[in-house]
Amino acid sequence: MQSKLLLIVIDGVPWRNWRRFFGNLEGWVAAGEAQVWKIRAPLPSTSASCYATMHTGTVPAVHGSTGNDDVFRINLPDIFSEVRKPGGVTGAVTHSFWSEFFNRSPFDPVRDIEYDEPDSPSINHGRFHTMTGYGATNQMTPSDADLFATLTMLTERFDLDYGILHSCTLDSMGHRFKHECEEMDKACFDLDAQLAPYIKRWRAAGYEVIVTADHGQSDRGHHGGLGEDQQDAALYYFGPAKGPAPDTLLQMTQLAPTILHRLAVPIPDSMPMRNFLVP
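None of these values were measured; they are calculated from a predicted model. (Residues numbered from 1 in each chain as written. Predicted model: local features only at pLDDT ≥ 70, side-chain atom pairs only at ≥ 80, totals over all residues. Heavy atoms only, no water.)

Student: I keep staring at the packing of helix α2 (residues 23–30) against helix α10 (residues 182–204) and nothing clicks. Help me out?
Tutor: The description of two helices packed together rests on the angle between their axes and the distance between the axes. Between α2 and α10, the shortest axis-to-axis distance is 8 Å and the interhelical angle comes to 45 degrees. Classified by the angle between their axes, α2 and α10 sit oblique to one another. Between α2 and α10, the contacting residues are Gly23, Asn24, Leu25 and Trp28 on the first element and Asp192, Ala193, Leu195, Ala196, Ile199 and Lys200 on the second. (Axes fitted to C-alpha atoms, helices over the stretch in contact; angles between N-to-C directions. Helix = DSSP H or I, 4+ residues; strand = E, 2+ residues; numbered from the N terminus. Parallel < 35°, antiparallel > 145°, perpendicular 65-115°, else oblique. Contact = heavy atoms within 4.5 Å.)

Student: Looking at this structure, how should I read the pattern of salt bridges?
Tutor: In a structure, side chains of opposite charge can pair up when their charged atoms sit close to one another. Taken as a whole and judged by the stated rule, the model has 15 salt bridges. Ionic pairing is found between Arg16 and Glu180, a salt bridge with its closest N-O pair at 2.8 Å. With Arg16 in helix α1 (residues 15–21) and Glu180 in the loop between α9 (169–177) and α10, this residue pair connects regions lying 164 residues apart in the sequence. The class of Glu180 is exposed, set by a relative accessible area of 55%. For Glu114, the salt bridge identified is with Arg127, shortest N-O distance 3.9 Å. Of the two residues, Glu114 sits in strand β4 (residues 114–116) while Arg127 sits in strand β5 (residues 125–129), which places them 13 residues apart along the sequence. Owing to a relative accessible area of 9%, Arg127 belongs among the buried residues under this scheme. Within this structure, Arg16, Arg20, Glu180 and Asp219 form a network of salt bridges that share partners. (Salt bridge = Lys/Arg side-chain N within 4 Å of Asp/Glu carboxyl O. Buried < 20%, exposed > 50% of the residue type's maximum accessible area, 1.4 Å probe, protein only.)

Student: Just to check I follow, could you spell out the nonpolar core for this structure?
Tutor: In a soluble, globular protein the nonpolar side chains are often hidden away together inside. Ile8, Trp18, Leu25, Tyr162, Trp202 and Val211 are the most contacted members of the largest nonpolar core, which totals 82 residues. When residues of this core are assigned to their parent elements, the largest contribution, nine residues, is made by α10. The residues contacting Val211, other than those within four sequence positions of it, are Ile8, Ile10, Trp18, Leu25, Leu195, Ile199, Ala234, Leu235, Tyr236 and Phe238. (Core = buried A, V, L, I, M, F, W, Y, C linked by side-chain atoms within 4.5 Å.)

Student: Which parts of the structure should I look at to understand the environment of Thr169?
Tutor: Mapping Thr169 onto the fold places it in helix α9. Residue class for Thr169 comes out buried when judged on its relative accessible area of 14%. For the pair Thr169 and Phe238, spaced 69 residues apart in the sequence, the C-alpha separation amounts to 23 Å. Excluding anything up to four places from it in sequence, Thr169 contacts Gln139, Thr141, Pro142 and Asp144.

Student: Mind showing me how you'd approach the layout of surface pockets here?
Tutor: Empty space among the atoms becomes apparent when a probe as large as a water molecule is rolled across them. Each pocket or cavity is described by its volume, and for the largest pocket that value is around 260 Å³. In terms of lining residues, the largest pocket is bounded by 15 residues, among which Ser47, Asn68, Met131, Tyr134 and Asp171 are the most central. Every element with two or more residues in the lining of the largest pocket is listed here: α3 (47–56) and α9. In terms of residue count, α9 provides more of the lining of the largest pocket than any other element does, three residues in total. (1 Å grid on protein atoms, 1.4 Å probe; cavity = no way out; pocket = protein on both sides within 12 Å on 5 of 7 lines; lining within 4 Å. Points joined across faces, edges and corners; volume = space filled by probe spheres on them.)

Student: Please clarify how the pairing of strand β3 (residues 90–95) should be interpreted in this entry.
Tutor: On a regular strand, each side chain points to the face opposite its neighbour's, so the side chains alternate between the two faces of the sheet. Counted residue by residue, β3 has six buried out of six residues, so it is predominantly covered. Of the pairings in the sheet, the one linking β3 to strand β6 (residues 162–167) comprises four bridges and is parallel in character. When the sheet's bridge partners are listed, Thr90 is paired in β6 with Tyr162. Pairing of β3 with β5, which is carried by five bridges, proceeds in the parallel orientation. In the strand pairing of β5, His95 is matched with His129. (Pairing = 2+ DSSP bridges.)

So far we have only geometry, and geometry alone does not tell us how the molecule works.
Structure (structure tokens):
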């Protein structure tokens, strides 16, 4: 691999919450240590559909996932499969949907919740959670501090070339409490504080880091449809490459080819969009 990269997906954070509550991320942008752009999710702006788009570089009308009840093993090239072809090592600390989309389906919690498979053609090292029982009275989300530590453990134990972390905490908080409330202010503040020390550690270990969301969320705690509040999030990049002008609107379909480009992995023809980072 030309470089190593970690993708941190914080589920369901709208653009305005990124820019007003994530003080560490914004501080690095102000100091010139990170770059930030607005990124737009596809339609439907539903979580599972967006996960599939982020890793295949295709819209839901192409990859086929219409929402959270339509999760299956996708038969398209994705970031994991393409990194594995030249022998790269991959890891995931995510919701189980990612395992179903990109490793095997259906998800068997006993078999799949934790595995290390050096010969896998997709995800070598997986640590997954299902959020079984999720609802308004119980979020069923793991601690973000534990997720960050788990990804770091995988990077240091297995020397990952590409790794992804996915947290549903803020998406669940938005659905439960909406956005103009003390609970959401504090939740964003806490996640920013928990993430920041790990960004320093990952960068010191030689990783480029992308922090973003799969979609936004409306003031009423909804997403899935059309509109800047539901579709738009921020994307922060830590690394040596340069991106477009700060006011450029990125498309989520650009994320997969950009990550492969940074890793010097050939971009498959199934990913039609161009990368947005250049050396």
